[in-house]
Amino acid sequence: MNRQARLRGMLWRSEAGFSAIFVTAGVSLVVLLAVAVWQIGSVLRERGDATSYVATSAGADASTTAGATGFTASEDGTTPLGTAVLDGVVEKYLSLQEQGMYTPEVGAKTAEKMAEDLVAPLAYRIYTAAEIPTSSDTSYARMLAYRADLQVSLAPLLKNTEPEYEIFAYYVSTKDPKNLEKLRTAAQNYRAAANATARVVPPKDALAHHLGVLNALEKFAVALEALAANAADPFASVVVLRSYNQAETNVLSSFASLAKYYREKRS
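Residues numbered from 1 in each chain as written. Predicted model: local features only at pLDDT ≥ 70, side-chain atom pairs only at ≥ 80, totals over all residues. Heavy atoms only, no water.

### Remarks on the overall build of the protein chain
Link 1 in the chain: Of regular secondary structure, the protein chain possesses 10 helices and zero strands.
Link 2 in the chain: The buried share among the 267 residues of the protein chain stands at 47%.
Link 3 in the chain: In the protein chain, the share of contacts with a sequence separation of at least 24, taken over all contacts with a separation of at least 6, comes to 82%.
Link 4 in the chain: For the protein chain, the exposed surface amounts to about 12800 Å²; the carbon and sulfur share of it is 56%. (Helix = DSSP H or I, 4+ residues; strand = E, 2+ residues; numbered from the N terminus. Buried < 20%, exposed > 50% of the residue type's maximum accessible area, 1.4 Å probe, protein only. Contact = heavy atoms within 4.5 Å. Areas by Shrake-Rupley, 256 points an atom, 1.4 Å probe, with all protein chains shown as cover.)

### Details of unusual backbone geometry
Link 1 in the chain: One non-glycine residue, Lys175, lies in the positive phi region at around 60°.
Link 2 in the chain: For Lys175, a relative accessible area of 46% corresponds to the partly exposed category.

### Structural notes on the packing of helix 9 (residues 207-230) against helix 10 (residues 234-264)
Between two packed helices, the angle of one axis relative to the other and the distance separating the axes together describe the packing.
Link 1 in the chain: Helix 10 packs onto helix 9 with a crossing angle of 160° between their chain directions and a minimal axis gap of 8 Å. Classified by the angle between their axes, helix 9 and helix 10 sit roughly antiparallel to one another. Where helix 9 crosses over helix 10, the two elements pack in a sense that is left-handed. (Axes fitted to C-alpha atoms, helices over the stretch in contact; angles between N-to-C directions. Parallel < 35°, antiparallel > 145°, perpendicular 65-115°, else oblique. Left-handed = near helix turned anticlockwise from the far one by under 90°.)

### Details of the packing of aromatic side chains
Link 1 in the chain: Here the structure, examined in full by the defined rule, presents four aromatic pairs.
Link 2 in the chain: Residues Tyr190 and Phe220 carry aromatic rings whose centres are separated by 4.9 Å and whose planes lie at 80° to one another, so their mutual orientation is edge-to-face. Separated by 30 residues along the polypeptide, Tyr190 in helix 8 (residues 178-197) and Phe220 in helix 9 bring together distant segments of the chain. Each of the two residues, Tyr190 as well as Phe220, counts as buried.
Link 3 in the chain: A cation over an aromatic ring shows up here: Arg125 above the ring of Tyr127, its NZ or CZ 4.0 Å from the ring centre. (Phe/Tyr/Trp six-rings, centres within 6.5 Å; stacked < 30°, edge-to-face > 60°. Lys NZ or Arg CZ within 6 Å of the ring centre and 35° of its normal.)

### Section: the nonpolar core
Link 1 in the chain: Counting 56 residues, the largest nonpolar core has Tyr146, Phe168, Leu183, Leu217 and Leu224 as its most contacted members.
Link 2 in the chain: Of all the secondary-structure elements, those providing two or more residues to this core are helix 4 (80-98), helix 6 (140-153), helix 7 (164-174), helix 8, helix 9 and helix 10.
Link 3 in the chain: The element best represented in this core is helix 9, accounting for 14 residues. (Core = buried A, V, L, I, M, F, W, Y, C linked by side-chain atoms within 4.5 Å.)

### A few points about helix 7
Link 1 in the chain: Within helix 7, the full set of buried residues consists of Glu164, Ile167, Phe168, Tyr171 and Val172. Projected down its long axis, helix 7 shows its buried positions confined to an angular sector of 140°, all on one face.
Link 2 in the chain: In the core, the buried residues of helix 7 are packed alongside helix 8, helix 9 and helix 10. (Arc of directions from axis to C-beta.)

### Some details on the pattern of salt bridges
Pairing between side chains of opposite charge can happen when their charged atoms approach one another.
Link 1 in the chain: Summed over the entire model, instances satisfying the criterion amount to seven salt bridges.
Link 2 in the chain: The salt bridge partner of Arg184 is Glu181, with a shortest N-O separation of 3.2 Å. Of the two residues, Arg184 and Glu181 both sit in helix 8, three residues apart, roughly one turn of that helix.
Link 3 in the chain: Residue Arg184 is classed as partly exposed on the basis of its relative accessible area of 31%.
Link 4 in the chain: When its relative accessible area of 44% is taken as the criterion, Glu181 is described as partly exposed.
Link 5 in the chain: Each of Arg191, Glu218 and Glu225 takes part in salt bridges that share partners, so that together they form one network. (Salt bridge = Lys/Arg side-chain N within 4 Å of Asp/Glu carboxyl O.)

Okay, structure coming up:
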């Protein structure tokens, strides 16, 4: 086992409380990184590895690495994204140590700065206006017909009866893989809804709203798959949760925009 893997194992075992903060992604990421900086310093000092630890190239750019290599987990649950995040933390710690600048306060500030830039890139299908045929009929009656069509195309979403963040929270607390299967199934339902909605012909004045819904569904499907793929890797999961939160917000705002179009339609 290489030094990076040993360090990860010691870090996780020495900070059992990490799992309690995975479910939220904002402050949690800052806290996780701050604790990681402190724990890494403790582990490296204890083992005398501070001068000999060499991070992998993944540590240079977590988002680039994750985008290039995907989210596939290894047998011990680690993923490329999680490895990149851990390597980045180690590099920051070593840099502070070499400059004689490390203190718990500086470590916390460093973690806060790192957290600003960490986000999991999501590669998803993006629909454009050129791909979606539209109807020149923008009447109220056409809007009603369009709304009815969407009620059919979005029906797969009705199969998702549990909030996805709750499913992930159950996984964090129980480690039951059935919850990850639920996330993957939910992702399939979002993608099925997107595929069906892509075949719906919107009135031309609804095209922007239509595209917003389509792309939000596709992004959220990928976010759920990424969350399931990274669930066993603590560092990766909190970063993916940030992307999940953004994707969820996009879904809610896209449907709110569509609802506003319905309400304001008069002719």
